[in-house]
Amino acid sequence: MAIENNTAIFYITANSFALAKKLNSLYPDAKAFKFKPDTLSKFWGKHKSFIFIMATGIVVRTIAPLIKDKTTDPAVIVLDEKEKHAISLLSGHLGGANKLAKEIAEFLGGQAVITTASDVNNMTSIDLWAKENGLIIDNCNLVPQVATRFINKGKLKVYSEVEIKMPEGFLRTDKPSSADVLITNKKDLFTHSPIHPFTQLYLRPKNLIIGIGCNRGTSANEIEDAVKKALAEKKLSFLSIHSVATIDIKAGEKGLNEFVRAYGFPIKTFTANELNSLRGIQKSALVFKATGAYAVAEPAALLASGADKLLLKKQKMGNVTVAVSEIKSRYALCVMRNKLKDKNPSLITDYGLRGIGKLYIVGTGPGSVEHITPYAQKAIRNSDVIVGYGTYIELIKELIKDKEIVSTGMTHEIDRCKKAVELAISGRTVSVISGGDPGIYAMAGLVFEVLKSHQPSAISHQLSVEVIPGVSALNACAARLGAPLMHDFASISLSDRLTPWRLIEKRLDAAAKADFVIILYNPKSKGRAEHIDRAREIILKCRKPETPVGIVKGAMRENERVIITDLKNMLEHDIDMQTTVIIGNSQTFVWDNRMITPRGYENKRQ
Ligand code: SAH
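Residues numbered from 1 in each chain as written. Predicted model: local features only at pLDDT ≥ 70, side-chain atom pairs only at ≥ 80, totals over all residues. Heavy atoms only, no water.

**Q** Account for the nonpolar core, naming residues and giving values.
**A** In terms of nonpolar packing, the biggest core is built from 23 residues, with Ile 210, Ile 212, Val 227, Leu 231, Phe 259 and Val 322 touching the most fellow members. For this core, the element with the most residues is helix α8 (residues 220-233), which contributes six residues. Setting aside anything within four residues of it in sequence, one finds Leu 231 in contact with Leu 208, Ile 210, Leu 236, Ser 237, Phe 238, Ile 241 and Val 324. (Core = buried A, V, L, I, M, F, W, Y, C linked by side-chain atoms within 4.5 Å. Buried < 20%, exposed > 50% of the residue type's maximum accessible area, 1.4 Å probe, protein only. Helix = DSSP H or I, 4+ residues; strand = E, 2+ residues; numbered from the N terminus. Contact = heavy atoms within 4.5 Å.)

Written out as structure tokens, the structure is:
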């Protein structure tokens, strides 16, 4: 299990060592090392970001021979040991150094030193915008020139062949020849009278599906050559490849696997039955004999993209057959899927939708694997990548042994969501996991906020999102206590990290007055004991001291502990962040060591 280790922190003095430790609470996955100039090359390439707590001069001299280019260099931040300045030294945009510098400065109460022109001028950074929209920059060397043009003129003309929301200052043009920026998978839009072909920035949308059929034992090199030749035939960019599609029985083919792995292309497979369900495809008896499908490359490319026409019909080159299609909108994918299902309802697979990235937002329940729903387990099993907080990852580790894991510390929920969306846009199947239910004080809302701030077209084209419910702490804890939630209840989180404390008090007061059963999540936010004390005081104003209270720690986990007490005595028990507290209403009673809230009033039940 490869836990991503993002940040390396280097210190020299005792003061800088203390600061490195402090930064660890901001970046729990970060590792601190004593700085030795001659060993730095060993770390380079292993970490995504480097924080140096020392003089800028030392850093510049040491990293100079290691720097390559802005697409691969890590983020480099320099900090002074008095915590005054966080300098974004290298890879401000793509590497994320500007963002890191701001985050660190805010955490330390110092100042971020940012020098990239777009940030200083408050303008969109082209490379960052491209990255966020899943566009690959073809001619990177032109970025500074085009960015300078943008800053000087305040606008850029953009020609785009994909639906995309433009930021301020990006003006659409339908004339490729007059554009500063071209968003296209085609290599030469300018066979006739180019105006300024060497000053135009090409951004490649990842929207090509390569359908491949090959004989057994075909080498990765031969496959790669065939794909490149096929793309050259139609003057299409290799950078625009979104994924590779083929028949399921070729999924284990060594050469094909080597090829897709070398470029990080997702591979989408279809059964012979699925491939045969497409009409209008040229059939080959030979292919049918070998695979059970009448054709592979063409129907696979079409099924994965949702297109009804190919960009390039099948080309047979030695042992390889290649066909190319372009991903259509999600709407087109759904139409195609429904058409196919109408024709053959016994095919229940996710036609077409397999061509695009999938983002599951999964609830993993209170703790043990048995309490994760079978459907959620299936989603996790079908995922390539699992994104989540360390504790939850740990709780389900037996389920995700063979998965790629992205896990950052607690303070980085937004980063985790962004990463998950990025991975899914690139065509992978990603599960973002939350303990309990993902929509209750968890990740689902955050993911949607990240998606909302993203360019909508990028999402609808390349991504399908599904929220998968889980057993929340309130269900698990209520079950352990008996039946305390049989009547109306209110759930309140005592965490004031994202909600002002006065609003929490207002809601406690309202719920207490209205005689709701009250569930308290996050009862000891940031380890503060006074939150639960204050909540109890507010509730005691409206409820008797004998009101039953259930305290459940680690429900369905190894350390589970269940206590039934009352409002008067509840503070005598240990209440921590793994605990949920349920406070009964005026009717709740204790019977046989269980906490029960009757459904109606006694007299109504006669
Ligand atoms: N999405 C989660 C809640 C996350 S907030 C859910 O639906 O359950 C975190 C809080 O949930 C904790 O502070 C605690 O109050 C509660 N919690 C989560 N798991 C729990 C468990 N196994 N037992 C008791 N309380 C739990």
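**Q** Would you mind going over the site of the ligand in detail, with residue names and values included?
**A** By nearness alone, 21 residues border the ligand, and Ile 440, Ser 472, Met 577, Thr 579 and Thr 580 come closest of all. One of the side-chain N or O atoms of Arg 557 is found 3.3 Å from a nitrogen atom in the ligand. About the coverage of the ligand: the protein hides 94% of its 550 Å² of free accessible area. Looking at the shell around the ligand, the elements that each hand over two or more residues are α19 (473-481) and β27 (579-583). Three or more residues apiece are contributed to the shell around the ligand by two domains, here domain 4 (357-471) and domain 5 (478-596). (Near = heavy atom within 4 Å. Polar contact = N/O pair within 3.5 Å; in protein donor to acceptor, adjacent residues only side chain to side chain. Areas by Shrake-Rupley, 256 points an atom, 1.4 Å probe, with all protein chains shown as cover. Domains from an automatic or database assignment.)

**Q** Account for the sheet that holds strand β18 (residues 385-387), with residues named and values stated.
**A** Taken together, five strands build an open sheet; the order of strands is β19-β18-β20-β17-β21 and the sheet is parallel. Two strands close off the open sheet at either side, each with one partner strand: β19 (404-406) and β21 (463-468). The mean inter-strand angle of the sheet, taken between neighbouring strand axes irrespective of direction, is 20 degrees. Where β18 and strand β20 (residues 429-434) come together, three bridges link them in parallel fashion. For Val 387, the partnering residue across the bridge sits in β20 and is Val 432. Of the strands in this sheet, β17 (357-363), β18, β20 and β21 are in contact with helix α14 (residues 374-381), which crosses β17 at around 140 degrees. (Pairing = 2+ DSSP bridges. Axes fitted to C-alpha atoms, helices over the stretch in contact; angles between N-to-C directions.)

**Q** Go over helix α1 (residues 14-26) with me, naming the residues and quoting the values.
**A** Side chains of residues three or four places apart in an α-helix project in the same direction, reflecting 3.6 residues per turn. Between the first and last C-alpha of α1 there are 19 Å, a value that for 13 residues agrees with the 18 Å anticipated at 1.5 Å per step. Among the residues making up α1, those that are buried are Ser 16, Leu 19, Ala 20, Leu 23 and Leu 26. Projected down its long axis, α1 shows its buried positions confined to an angular sector of 105 degrees, all on one face. With respect to the buried face of α1, the exposed residues turned more than 90 degrees away are Ala 14 and Lys 21. (Expected span 1.5 Å × (residues − 1). Arc of directions from axis to C-beta.)

**Q** Residue-level account of the sheet that holds strand β12 (residues 208-214), with values.
**A** As summarised here, the arrangement of the five strands in space is β14-β13-β12-β16-β15, forming an open sheet in which the pairing is mixed. Whereas interior strands pair on both sides, the edge strands pair on one side only; in this sheet they are β14 (267-270) and β15 (312-317). The average angle at which neighbouring strand axes cross in this sheet is 25 degrees, direction not considered. Of the strand pairs in this sheet, β15 and strand β16 (residues 320-326) are connected by four bridges, and their pairing is antiparallel. Residue pairing across strands places Gln 315 opposite Val 322, the latter belonging to β16. Docked against the sheet, helix α9 (residues 254-263) engages β12, β13 (241-247) and β14, running at close to 165 degrees with respect to β13.

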